[in-house]
Amino acid sequence: MTESHVEQAVQARVAAARVRIQAAKERRDSLAQARKRGLAHRHAVKLRNLAESERRQTEADQ
């Protein structure tokens, strides 16, 4: 039995929806990774600045 044009259209829409869903998932994953790297970088900078300010305070107290 051959598929009707309606069934083919429905299958095409389902396939297109799967592609969009997968693209959205990959985009979210990519953004999450970038966000995680950014947070780690900002935390490292904060710790470096904190250590530097503590060092300056120690030098000023002496």
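A few points on the structure.

Conventions we followed
- Residues numbered from 1 in each chain as written.
- Predicted model: local features only at pLDDT ≥ 70, side-chain atom pairs only at ≥ 80, totals over all residues.
- Heavy atoms only, no water.
- Helix = DSSP H or I, 4+ residues; strand = E, 2+ residues; numbered from the N terminus.
- Rg over C-alpha atoms; globule rule 2.2 N^0.38 Å.
- Buried < 20%, exposed > 50% of the residue type's maximum accessible area, 1.4 Å probe, protein only.
- Areas by Shrake-Rupley, 256 points an atom, 1.4 Å probe, with all protein chains shown as cover.
- Salt bridge = Lys/Arg side-chain N within 4 Å of Asp/Glu carboxyl O.
- Patch = residues over 30% accessible without salt bridge, like charges linked within 9 Å, V, L, I, M, F, W, Y side chains within 5 Å.

What about the overall build of the protein?
1) Next: Helix and strand counts for the protein come out as 1 helix and 0 strands.
2) Next: Rg of the C-alpha trace for the protein: 27 Å, well past the compact-globule value of 11 Å for 62 residues, more than 25% over.
3) Next: If one aligns the C-alpha atoms of the protein with their principal axes, the spans along those axes are about 90 × 10 × 5 Å.
4) Next: Classification of the 62 residues of the protein by burial places 2% in the buried group.
5) Next: Summing over all exposed atoms, the protein offers an accessible surface of approximately 6000 Å²; the carbon and sulfur share of this is 57%.

Digging into the pattern of salt bridges
1) Next: Counted under the stated rule, the structure contains 4 salt bridges.
2) Next: Glu52 serves as the salt-bridge partner of Arg55, at 2.3 Å between the closest nitrogen and oxygen. Residue Arg55 and its partner Glu52 are located together in helix α1 (residues 5-61), separated by 3 residues, close to a single helical turn.
3) Next: Given a relative accessible area of 27%, Glu52 falls into the partly exposed group.
4) Next: Glu52 is paired through a salt bridge with Arg56; the nearest N and O atoms lie 3.4 Å apart. With Glu52 and Arg56 both in helix α1 and 4 residues apart, this pair spans about one turn of that helix.

Here we look at a nonpolar patch on the surface
1) Next: A contiguous nonpolar surface patch, about 230 Å² in accessible area, is contributed by Val6, Val10 and Val14.
2) Next: Structurally, the position occupied by Val6 is in helix α1.
3) Next: For Val6, a relative accessible area of 48% corresponds to the partly exposed category.

Comments concerning the environment of Glu7
1) Next: Within the secondary structure, Glu7 is located in helix α1.
2) Next: Taking the C-alpha atoms as reference points, Glu7 and Arg37, separated by 30 residues in sequence, lie 45 Å from one another.

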